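# Structural description and commentary
The primary structure of each chain is shown beneath.
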Amino acid sequence: MILDEEHVMMQKVFRDFAESEFTPELQERLDTTGEFDWDMHKEMAKYGFMGARIPEEYGGQGGDTLTYVLMMEEFARVCPVLAIYPNTPNSLGGGPIMACGTEEQKKKYIPLIATGKKKLCFALTEPGAGSDAGGTTTKAVADGDDFIINGRKTFISGAPVSDYAVVYAKTDPTQKGSKGISMFIVDLKLPGVSFGKPEKKMGINGYPTSDIVFDDVRVSKNDLLGPLHNGFSTAMKTLGIGRLGVSAQALGIAQGCLEAAVKHAKEREQFGRPLAKFQAISFMLADMATEITLARELIYNTAVEFDAGKDVAAKLSMCKYFTTEMSNRVAYKAVQIHGGYGYIKDYPVERMYRDARITTLYEGTSQIQQLVIARSLLK
Ligand SMILES: Cc1cc2nc3c(=O)[nH]c(=O)nc-3n(C[C@H](O)[C@H](O)[C@H](O)COP(=O)(O)OP(=O)(O)OC[C@H]3O[C@@H](n4cnc5c(N)ncnc54)[C@H](O)[C@@H]3O)c2cc1C
């Protein structure tokens, strides 16, 4: 796709920011400690990245979905975990509130997260309800003007550092599967909320992931988000944006891996010539570049179609499925081209390889994307 001037300019802003701010020292610290970097969060907020695709009237930058995709790609090209920092408010955090919230809720929460003053996480998965998210057992029971929430959410990105969570809970146990589920905005400082220990993960270290436990947490009915008993399907219709975000994250990882592999193949000599001169290596690079180009075209086009209001539900799943699997193939080859050095932490492909792995898992596994694509064909 030919980008217009404004998108080319934004792409450069994102690239320059990532290359100057995501220093190797910062990346190593995040990877080894797993701790959230509040200074970087503040810095990104200062540039408006937290509200990149949130409308200006709610404190955001009012950018389109293509701009958001470019941001995710450019940030992940240098450091995949730091791409998640501005991703959450623009997709799964702010998304459900923008899509389903009342004007009052939007005014109360969106400006806070669009400017990075507060953080909001997305709490759907449970120990017994992952791909089968309709199997949610967390309950919210009406009590006068309030709801009382009990249950446990697992693998919640950013939970320990967040102020609020969008929580899915069963409000009508007589209804099966995804029916009878409602969404709530829960203040995580409320009595009865506690967190599990941050998980020790293979990759994307620097964005803590933990359980959230709700023990008789009383929320006001004003914090019910979207329709009662029908929050799940309402939200799912609007959450495709998260799939696009992860696709762009995977695309950025693949691009970063390709660039590192090209550099290494040109510099490293064996048998008296650079690795790049061996056809087996150069053909691997050609395959990597071809797959990346295909993914980029698909993602950019889908972003534009998304904003144009086209029905892109199946395409979003194709983006997520193809790009995240592609990213893993590319990262694998990048390590292979680096030989033994690719297994050593001093080389960025080692971390990129680990970071790529999550992309086929979260926000719907590859198999769930295949189900969605197949369903669209066979309906
Ligand atoms: C680091 C990390 C961050 C996360 N962040 C969040 C977050 O912020 N918020 C949140 O709510 N969740 C989050 N998740 C949860 C994530 O979305 C789930 O892990 C994911 O949806 C898969 O669910 P599961 O782990 O229970 O696997 P399972 O559902 O048990 O799946 C196991 C395997 O079976 C396959 N499978 C399952 N059902 C089918 C089927 N019908 N047909 C074919 N194959 C199938 C899956 O594809 C997978 O290969 C996160 C997870 C991780 C690891």
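Note: the structure precedes this text.
Since the structure is predicted, the reported quantities are computational estimates derived from the model, not experimental observations. (Residues numbered from 1 in each chain as written. Predicted model: local features only at pLDDT ≥ 70, side-chain atom pairs only at ≥ 80, totals over all residues. Heavy atoms only, no water.)

Our next topic: the overall build of the chain. Secondary structure assignment for the chain yields 13 helices and ten strands. In terms of overall size, the chain behaves like a compact globule, its C-alpha atoms giving a radius of gyration of 21 Å where 379 residues would be expected to give roughly 21 Å. Oriented by its inertia axes, the alpha-carbon framework of the chain measures out at about 80 × 45 × 40 Å. For the chain, the residues scored as buried account for 54% of the 379 residues in total. Within the chain, contacts between residues at least 6 apart in sequence are counted, and of these 74% link residues at least 24 apart. Total accessible area computed for the chain in this model is approximately 17,300 Å², and 55% of it derives from carbon and sulfur atoms. Between the averaged position of the 44 positive side-chain charges in the chain and that of its 47 negative side-chain charges there is a distance of 4 Å. (Helix = DSSP H or I, 4+ residues; strand = E, 2+ residues; numbered from the N terminus. Rg over C-alpha atoms; globule rule 2.2 N^0.38 Å. Buried < 20%, exposed > 50% of the residue type's maximum accessible area, 1.4 Å probe, protein only. Contact = heavy atoms within 4.5 Å. Areas by Shrake-Rupley, 256 points an atom, 1.4 Å probe, with all protein chains shown as cover. Lys, Arg positive; Asp, Glu negative; His and termini not counted. Charge placed at Lys NZ, Arg CZ, Asp CG, Glu CD.)

Among the nonpolar cores identified, the biggest contains 68 residues, and Phe-22, Met-44, Phe-75 and Leu-82 are the most heavily contacted of them. Per-element tally for this core: the top contributor is helix H9 (residues 240–267), with twelve residues. Contacts of Phe-22, omitting those with residues within four sequence positions, involve Phe-17, Gln-27, Met-40, Met-44, Phe-75, Val-78, Cys-79 and Leu-82. Counting 23 residues, the second-largest nonpolar core is a separate cluster that includes Leu-92, Ala-114, Tyr-168 and Leu-225. (Core = buried A, V, L, I, M, F, W, Y, C linked by side-chain atoms within 4.5 Å.)

Think of a pair of aromatic rings as described by two things: how far the centres are apart, and how the planes are tilted against each other in angle. Applying the stated criterion across every chain yields a total of 19 aromatic pairs. A connected cluster of aromatic rings, assembled from ring pairs, spans Phe-14, Phe-17, Phe-22, Tyr-47, Phe-49 and Phe-75. The positively charged end of Arg-53 is found above the aromatic ring belonging to Tyr-68, 5.9 Å away from the centroid. (Phe/Tyr/Trp six-rings, centres within 6.5 Å; stacked < 30°, edge-to-face > 60°. Lys NZ or Arg CZ within 6 Å of the ring centre and 35° of its normal.)

Within this model, the second largest pocket holds a volume of roughly 770 Å³. For the second largest pocket, the lining is made up of 27 residues, of which Asp-346, Tyr-347, Pro-348, Val-349 and Arg-351 are closest to its centre. For the lining of the second largest pocket, the secondary structure elements donating two or more residues are helix H2 (24–33), helix H4 (65–78), H9 and helix H12 (348–357). Per-element accounting of the lining of the second largest pocket gives the leading share, seven residues, to H9. Its residues assigned to classes, the lining of the second largest pocket shows nine nonpolar, five polar and 13 charged. (1 Å grid on protein atoms, 1.4 Å probe; cavity = no way out; pocket = protein on both sides within 12 Å on 5 of 7 lines; lining within 4 Å. Points joined across faces, edges and corners; volume = space filled by probe spheres on them. Nonpolar A, V, L, I, M, F, W, Y, C, P; charged D, E, K, R; others polar.)

Residue position: His-41 is located in helix H3 (residues 38–46). Residue classification places His-41 among the buried positions, given a relative accessible area of 3%. In this view, His-41 contacts Phe-36, Met-50, Tyr-85, Gly-116 and Lys-119; residues no more than four positions away in its chain are not counted.

So, about the site of the ligand. Taken together, 16 residues lie near the ligand, and Thr-125, Ser-131, Ser-157, Thr-365 and Gln-367 sit nearest. Here Ser-131 contributes a side-chain N or O atom positioned 2.7 Å from an oxygen atom of the ligand. Within the contact set of the ligand, a nitrogen atom lies 2.7 Å away from a side-chain nitrogen or oxygen of Ser-157. Calculation on the ligand without its partners gives an accessible area of 970 Å², and the protein chains cover 63% of this total. (Near = heavy atom within 4 Å. Polar contact = N/O pair within 3.5 Å; in protein donor to acceptor, adjacent residues only side chain to side chain.)

What follows deals with the pattern of salt bridges. This structure, assessed with the given rule, holds 21 salt bridges. A salt bridge links Asp-16 to Lys-12; its shortest N-O distance comes to 2.8 Å. A residue pair is termed a helical-turn pair when its members lie 3 or 4 positions apart in one helix, as Asp-16 and Lys-12 do in helix H1 (residues 5–21) at four residues. Judged by relative accessible area, Asp-16 falls into the partly exposed class, the value being 37%. The salt bridge involving Glu-350 is made with Arg-354; its shortest N-O contact spans 2.8 Å. On the criterion of helical spacing, the pair formed by Glu-350 and Arg-354 is a turn pair, its members being four residues apart in helix H12. Here Glu-350 falls in the buried class, since its relative accessible area comes to 11%. The buried category is assigned to Arg-354, whose relative accessible area is 12%. A single salt-bridge network, built from bridges that share partners, covers Asp-31, Lys-345, Glu-350 and Arg-354. (Salt bridge = Lys/Arg side-chain N within 4 Å of Asp/Glu carboxyl O.)

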